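Examination of the molecular architecture
In case you want the letters, here they are:
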Amino acid sequence: MAESTKTATLTIDGQDYELPIYSPTAGPDVIDIRKLYGQAGVFTYDPGFTSTASTDSTITFIDGGKGELLHRGYPIDQLAEKSHYLEVCYLLLYGELPSAAKLEEFESLVTHHTMLHEQMMNFFRGFRRDAHPMAIMVGVVGAMSAFYHDSTDINDPHQREVATIRLIAKMPTVAAMAYKYHIGQPFVYPRNDLDYASNFLNMCFSVPAEKYEVNPVLSRAMDRIFTLHADHEQNASTSTVRLASSSGANPFACIAAGIACLWGPAHGGANQACLEMLEEIGSVDRIPEFIERAKDKNDPFRLMGFGHRVYKNFDPRATVMKESADEVLDLLGIENNPKLQVAKALEKQALEDPYFKEKKLFPNVDFYSGIILEAMGFPTSMFTPIFALARTVGWISQWSEQLADPQLKIGRPRQLYKGETSRDYVDIENR
Ligand code: CMC
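Before going into details, it helps to say that this report is about the structure given with it.

Running from amino to carboxyl end, helix α12 (residues 270-281) crosses helix α18 (residues 383-403) at an angle of 155 degrees, the nearest separation of the two axes being 7 Å. One way to sum up the angle between α12 and α18 is to call them roughly antiparallel. In this structure, the crossing between α12 and α18 has a hand that is right-handed. Packed against α12, whose contacting residues are N271, Q272 and L275, the element α18 presents F383, T384 and F387 at the interface.

In spatial order, the strands read β4-β5-β6; together these three strands make up an open sheet with antiparallel pairing. The open sheet has two edge strands with one neighbour each: β4 (60-63) and β6 (74-75). Looking at chain direction, strand β5 (residues 68-71) and β6 are connected through two bridges and run antiparallel. Bridge pairing in β6 links L70 to P75.

Glancing now at the pairing of strand β2 (residues 15-22). Of the pairings in the sheet, the one linking strand β1 (residues 6-12) to β2 comprises seven bridges and is antiparallel in character. Each bridged residue has a counterpart across the sheet, and for T7 the counterpart in β2 is P20. Between β1 and the antiparallel strand that follows it, β2, lie two residues; D13 among them carries a positive phi value of about 50 degrees.

Any two aromatic rings considered together are summarised by their centre-to-centre distance and by the angle between their planes. What the rule picks out here adds up to 21 aromatic pairs. Their ring planes at 90 degrees and their centres at 6.1 Å tell us that Y94 and F106 sit as a pair that is edge-to-face. Here Y94 is found in helix α3 (residues 85-94), whereas its partner F106 is found in helix α4 (residues 100-111), with 12 residues between them in sequence. Take F106: its relative accessible area is 4%, and that puts it in the buried class. Ring centres of F367 and Y368 lie 5.2 Å apart, and the angle between their planes is 90 degrees; on these two criteria the pair is classed as edge-to-face. Assessed through its relative accessible area of 7%, Y368 is described here as buried. An aromatic cluster is built from Y85, Y179, Y196, F200, F205, F226 and F378, whose rings are joined through pairwise contacts. For the cation-ring pair, R129 lies above Y181, with the distance from its terminal atom to the ring centre recorded as 4.3 Å. Sitting over the ring of Y37, R414 keeps its end group 5.0 Å from the ring centre.

As a further point, take the sheet that holds strand β3 (residues 30-31). Taking strand neighbours across the sheet as the criterion, the three strands line up as β1-β2-β3 in an open arrangement whose pairing is antiparallel. If you trace the sheet from one side to the other, it starts and ends with β1 and β3, each paired once.

This part covers the site of the ligand. With respect to spatial proximity, 20 residues lie near the ligand, and among them H267, R302, L303, G305 and R309 are the closest. One nitrogen or oxygen atom from the side chain of K297 is found 3.2 Å from an oxygen atom belonging to the ligand. Taking F306, its main chain carries an N or O atom lying 2.9 Å from a nitrogen atom of the ligand. In the complex, the protein chains occlude 75% of the 940 Å² of accessible area that the ligand would expose alone. Grouping the constituent residues of the shell around the ligand by class yields nine nonpolar, six polar and five charged.

On to the side chain of T114. By the element assignment, T114 lies in the loop between α4 and α5 (120-125). Polar side-chain contacts of T114 include one of 3.1 Å to the backbone oxygen of T111.

A few words now on the packing of α3 against α4. The N-to-C vectors of α3 and α4 enclose an angle of 100 degrees; their axes lie 10 Å apart at closest approach. When the interaxial angle is binned, α3 and α4 end up roughly perpendicular. Listed contacts from α4 to L86, E87, C89, Y90, L93 and Y94 of α3 are K102, L103, F106, E107 and V110. When the residues that make up the contact of α3 with α4 are grouped by side-chain class, the tally is eight nonpolar, no polar and three charged.

With that out of the way, let us pick up a negative patch on the surface. Where like charges cluster on the molecular surface, the negative patch consists of D77, E81, E323, D326, D330 and E335. Examining the composition of the negative patch, we find that three residues originate from one element, helix α14 (residues 316-332), more than from any other. Mapped onto the fold, D330 is located in helix α14. On the basis of relative accessibility, which here comes to 53%, the residue D330 falls in the exposed class.

Its place among the elements puts S219 in helix α9 (residues 216-228). Relative accessible area serves as the criterion here: at 7%, S219 is assigned to the buried category. Contact partners of S219, with chain neighbours within four places excluded, come to D195, A197, S198, L201 and V214.

Quick notes on the rules
Residues numbered from 1 in each chain as written. Predicted model: local features only at pLDDT ≥ 70, side-chain atom pairs only at ≥ 80, totals over all residues. Heavy atoms only, no water. Axes fitted to C-alpha atoms, helices over the stretch in contact; angles between N-to-C directions. Helix = DSSP H or I, 4+ residues; strand = E, 2+ residues; numbered from the N terminus. Parallel < 35°, antiparallel > 145°, perpendicular 65-115°, else oblique. Left-handed = near helix turned anticlockwise from the far one by under 90°. Contact = heavy atoms within 4.5 Å. Pairing = 2+ DSSP bridges. Phe/Tyr/Trp six-rings, centres within 6.5 Å; stacked < 30°, edge-to-face > 60°. Buried < 20%, exposed > 50% of the residue type's maximum accessible area, 1.4 Å probe, protein only. Lys NZ or Arg CZ within 6 Å of the ring centre and 35° of its normal. Near = heavy atom within 4 Å. Polar contact = N/O pair within 3.5 Å; in protein donor to acceptor, adjacent residues only side chain to side chain. Areas by Shrake-Rupley, 256 points an atom, 1.4 Å probe, with all protein chains shown as cover. Nonpolar A, V, L, I, M, F, W, Y, C, P; charged D, E, K, R; others polar. Patch = residues over 30% accessible without salt bridge, like charges linked within 9 Å, V, L, I, M, F, W, Y side chains within 5 Å. Salt bridge = Lys/Arg side-chain N within 4 Å of Asp/Glu carboxyl O. Lys, Arg positive; Asp, Glu negative; His and termini not counted. Charge placed at Lys NZ, Arg CZ, Asp CG, Glu CD.

Below you can see the structure in the form of structure tokens.
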């Protein structure tokens, strides 16, 4: 933690408390309240963590006002254009872009860890046939701690490294197998001659009966989707991973917790919810009705794929994703897809609407990712698993950073209790 150069004064009942202020390399200053309870006997209150920094970190920086997303200082648009997913994984994990030799070594390491323990196939088969692939992923990733005992000791740096590589390498295999099981096709094993994204597409779309060639444009688009979702600082699922890990839980259990959190429609589940919404809207003439519903405070409906807690002008990932969507749809010749027509018109109408303008709501990454994934042939149920596999590197980088912190404490929020105060138990016959 940097030295504090400024302080804030908090006055409670006439008593002043000096609180250190730390200045980050970028972003707003933070007030250190760690000793506040000990000194003043009060807690701070911030449900939803809208003003609370839960950790210090050197991995990812977001400036929501400017629409800036940096990984280890590098802008996401440059990474999406010039780099590729495994190089971004290396950057997130180790802090610097790799040399050519280091990158080759890293890619080879990941490629040679993509197979799953064969007994895990039985585990997949235990799920109901129609299980959602996210349900399978939460279970299978959690169960990896039962299959890979030799990489669960978080106090051993070698085991931590092995778990890191295993998770990044095996997640596409887990996601693809969850999908194959869900649609009743045979599992397809990973292929070491294919790059990370092509291997994933092959495991999802090839079948033993036919030859399957991965289209390089689709593979590039897939890689970009992975890159754009790789990390996003202290979002809900990442904070879940950090909280789970603060208790000393093993890496597979922590990542399973992150996957479970990601599943919700306000987070990673938004891409599935967005496509389902476009389907429900159905035609361009029904858009005004849905926009009115989104604005109605008495209606819980929201425009899925719109708005963001941090970005308040635009989501830089959405800009790249939109370009990718155009490329993929052009390649596949599906410009007249009804959902795409609805999406384009919805985007235009919402952006022109005073409510969305005033509240700074605009399409986020999930608005376009679903359109590309659907065009590639993925069912909506696979959208969030793809987000989960891509985000695994972010979760594991943040997990690793947290474990290296000598000041690590178990996460234990406080509360503003509003329930009954102490009262005597009432026997059942007297209630
Ligand atoms: N449609 C209609 N109104 C909205 C929407 C929306 N999509 N998003 C926010 N608002 C309104 C909201 O009702 C509130 O109005 P008011 O000030 O009158 O109460 C105001 O805008 C601020 O919203 P909030 O819920 O306080 O903002 P938040 O920072 O807590 O929520 C969000 C951010 C992403 C959860 C929210 O915008 C949302 O639910 N969006 C739809 C789901 C979605 O697309 N999620 C994906 C996020 S990007 C991928 C990821 O990081 O996981």
